[in-house]
Amino acid sequence: MLTRLEPLFDGLALAPPDLSPRRYGLVTACDGGLVEVSGLSVPVGALCRIAHGAGTQLTAEVIGFRNGRTLMMLLGDAVLLRPGARVRPEGRPGMLPVGPAYLGRAVDGQGHPIDSSGALHPSASWPAGGVRSGALDRASVTDCFDTGVRSLNALTTFGVGQRIGVMAGSGVGKSVLIDMIAGGADADVVIVGLIGERAREVSDFVERHMRGETARRTAVVAVPADHAPNLRLRGAMLATSLAEYFRAQGKRVLLVIDSLTRIAHAAREIGLLLGEPGAARGYPPSALATVTKLVERAGNSAESGGSITGLYSVLADGDDHNDPVVDTARAILDGHIVLSRELAQRGQYPAVDVPASLSRVMADIVDPAHAAAARELRGLLAAQEANRDLVLMGAYREGADPQLDRAMALQAQISAFLGQSPGERVTLGQSIAALAALLNNG
């Protein structure tokens, strides 16, 4: 027991006493989750406690100020909030708790445990907006990243420190593919941010991954869809801050954010609440800027030698791949994996649309033979898909197109190569060897 309490006692001994006077403000208005407070001057990003009787408190975050009043947004429901309630600031504005204590744990957007493993005592703090570095301080992507998925390893090879998006409509298999990569990836630390998703997916993910050796390198930050938008944003920033902390220790980190679209939705709610105009299909400029800032925090660090390989799922609303969030993510990311609903309906899982997917660093990190083999198979897949209707109608004559003839001859082997069960892990070396064997057999 004393061993468990020792870190807590050490932290209390190092914390300087706060002898400053206790400031407080008063709630003057509440409209749709936006709370106005008078008499309290605190910076944007600060957390405050609102007393509302019966010894209980609500938590709110400062999101702006107007006409001498501080604007806050509740991290929960506004039930029982009353005018004149006292509001007190707490914690360090703009800083989030981080540290090795998060490994093997599942927490919410405020860093509070949601598992049954007891209290959590982080040992350090990190800026919520990240530590800004110069463009030349980011090391180049030079090493291959093993995802454990055969089709991705062979045809859209990831690099250590790359930022990749998994783009698809709803129900096509984004979460399953991300689940496969998180479980099979070669990384020192895996940080998973489940932001704005279903609560059932959170419990299922924790049940699968937070056991044994895998749990010792994994931390989960989960903020389901029914939580406040600013809490969803804090969850995304906490997950990214944890990844930056471990990168600063020289670790190879895999950061998984599911999903980037839900983060943009949360930023849109806050922006519209503050009166910003909905410019691009209802998204105010700040919402899309939030996506860009979050993604840019991943990458390699020349100073520490650590890396953050970012994997972000992007929901294409209505299967529209020209959606503003999808378009913004595609422009800022170093690669994108497109999942096809049509392939999923044919029974191919993961339903990766190889010709539409791209890794922008693959040509720089793989050997020429691997790159040539990947281009060859991409060409076969493109020829097969372009002439699919012609072949099904029986209007194609064998011998008219040698590339299509070869694609048709290898159709069964190609389908087996692209498919993979969720529990199966295929290393990078095995994937490259399977690709070479497939083309040599044809």
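As shown above, the structure is provided for reference.
Residues numbered from 1 in each chain as written. Predicted model: local features only at pLDDT ≥ 70, side-chain atom pairs only at ≥ 80, totals over all residues. Heavy atoms only, no water.

## What to know about the overall build of the protein chain
Helix and strand counts for the protein chain come out as 16 helices and 19 strands. Overall, the C-alpha framework of the protein chain stretches about 85 × 50 × 40 Å when taken along its three principal axes. Split into buried and exposed, the 442 residues of the protein chain put 49% on the buried side. Total accessible area on the protein chain is roughly 20,400 Å²; 53% of this is exposed by carbon and sulfur atoms. If you average the places of the 42 positive and of the 45 negative side-chain charges in the protein chain, the two averages end up 5 Å apart. (Helix = DSSP H or I, 4+ residues; strand = E, 2+ residues; numbered from the N terminus. Buried < 20%, exposed > 50% of the residue type's maximum accessible area, 1.4 Å probe, protein only. Areas by Shrake-Rupley, 256 points an atom, 1.4 Å probe, with all protein chains shown as cover. Lys, Arg positive; Asp, Glu negative; His and termini not counted. Charge placed at Lys NZ, Arg CZ, Asp CG, Glu CD.)

## Focus: helix α7 (residues 260-273)
With 14 residues, α7 extends 20 Å between its outermost C-alpha atoms, agreeing within 8% with the 20 Å of an ideal straight helix rising 1.5 Å per residue. Where α7 terminates, the next one or two residues include G275, which has phi positive at roughly 95°. (Expected span 1.5 Å × (residues − 1).)

## Looking at the environment of R150
The topology assignment puts R150 in helix α2 (residues 150-155). Owing to a relative accessible area of 12%, R150 belongs among the buried residues under this scheme. C-alpha of R150 to C-alpha of L418: the two residues are 268 residues apart in sequence and 7.1 Å apart in space. Filtering out sequence-adjacent residues up to four positions away, R150 remains in contact with A416, F417, G419, Q420, E424, V426, S431 and A434. (Contact = heavy atoms within 4.5 Å.)

## A few points about the pattern of salt bridges
When the charged atoms of two side chains lie near each other, side chains of opposite charge can form a pair. Applying the stated criterion across every chain, the model contains 18 salt bridges. Ionic pairing is found between R105 and D115, a salt bridge with its closest N-O pair at 2.9 Å. Taken together, the positions of R105 in the loop between β7 (95-98) and β8 (106-107) and D115 in the loop between β8 and β9 (124-127) put the pair ten residues apart, joining distant regions of the chain. Here E201 and R198 are joined by a salt bridge, their closest N and O atoms 2.4 Å apart. (Salt bridge = Lys/Arg side-chain N within 4 Å of Asp/Glu carboxyl O.)

## A closer look at the packing of helix α12 (residues 368-386) against helix α16 (residues 428-441)
Between α12 and α16, the shortest axis-to-axis distance is 10 Å and the interhelical angle comes to 55°. As far as their axial angle goes, α16 and α12 are oblique. Taken as a pair, α12 and α16 cross one another with a handedness that is left-handed. On the side of α12, the interface is formed by H370, A373, A374, E376, L377 and L380, while α16 contributes I432, L435, L438 and L439. Classifying every residue of the contact of α12 with α16 by side-chain character gives eight nonpolar, one polar and one charged. (Axes fitted to C-alpha atoms, helices over the stretch in contact; angles between N-to-C directions. Parallel < 35°, antiparallel > 145°, perpendicular 65-115°, else oblique. Left-handed = near helix turned anticlockwise from the far one by under 90°. Nonpolar A, V, L, I, M, F, W, Y, C, P; charged D, E, K, R; others polar.)

## A word on unusual backbone geometry
In this structure, the amide linkage connecting D258 to the following residue, S259, adopts the cis form with an omega of 10°. Here S259 shows up in the loop between β15 (252-258) and α7. Backbone torsion omega between Y349 and P350 reads -5°, so that peptide bond is classified as cis.

## Observations concerning the sheet that holds strand β4 (residues 57-66)
Remark on secondary structure: sheet strands pair via backbone hydrogen bonds, oriented parallel or antiparallel. One closed barrel holds the six strands; their spatial order is β1-β2-β5-β4-β3-β6, and the pairing between them is antiparallel. In this sheet, adjacent strand axes meet at a mean angle of 45° when their direction is disregarded. Here strand β1 (residues 25-31) pairs with strand β6 (residues 86-90) via two bridges, running antiparallel. The residue of β6 that forms the bridge with G25 is V87. (Pairing = 2+ DSSP bridges.)

## Quick word on the side chain of Q162
You can see Q162 is positioned in the loop between β11 (158-159) and β12 (163-168). Overall, Q162 belongs to the buried group, its relative accessible area being 0%. Among the polar contacts listed, one links the side chain of Q162 to the backbone nitrogen of G159, at a separation of 2.8 Å. The residues touching Q162, leaving out its near neighbours within four places in the chain, are V141, T157, I308, T309, G310, D334, G335, S359, R360 and V361. (Polar contact = N/O pair within 3.5 Å; in protein donor to acceptor, adjacent residues only side chain to side chain.)

## As for the nonpolar core
Ranked by size, the top nonpolar core spans 56 residues in total, and within it L155, I181, L254, L311, I337 and L377 carry the most contacts. By residue number, the principal contributor to this core is α12, which donates six residues. If we ignore the near neighbours within four places in the chain, the residues touching I181 are T147, V149, L152, F158, L254 and L311. M73, I191, L231 and I263 belong to the second-largest nonpolar core, a separate cluster that totals 54 residues. (Core = buried A, V, L, I, M, F, W, Y, C linked by side-chain atoms within 4.5 Å.)

## Section: the packing of aromatic side chains
Under the counting rule described, the total for this entry stands at two aromatic pairs. With a centroid separation of 6.4 Å and 85° between ring planes, the pair formed by W126 and Y245 is classed as edge-to-face. With W126 in strand β9 and Y245 in helix α6 (residues 229-248), this pair connects stretches of sequence that are 119 residues apart. Judged on exposure class, the residue W126 and its partner Y245 are both buried. Between Y245 and F246, the ring centres sit 5.2 Å apart and the planes meet at 75°, which makes this aromatic pair edge-to-face. Judged by its relative accessible area of 12%, Y245 is buried. An aromatic cluster is built from W126, Y245 and F246, whose rings are joined through pairwise contacts. Above the plane of the ring of Y283 lies R268, whose end atom (NZ or CZ) is 4.5 Å from the centre. (Phe/Tyr/Trp six-rings, centres within 6.5 Å; stacked < 30°, edge-to-face > 60°. Lys NZ or Arg CZ within 6 Å of the ring centre and 35° of its normal.)

## Some details on the packing of α6 against α7
Axis angle and axis distance: for two packed helices, these are the angle between their axes and the distance between the axes, and together they describe the pair. Here α6 crosses α7 at 135°, and the two axes come no closer than 8 Å. One element, α6, and the other, α7, form an angle in the oblique class. Every pair of crossing elements has a handedness; the one defined by α6 and α7 is left-handed. Across the interface between the two elements, P229, N230, R232, L233 and A236 from α6 touch R262, I263, A266, A267, E269 and I270 from α7.

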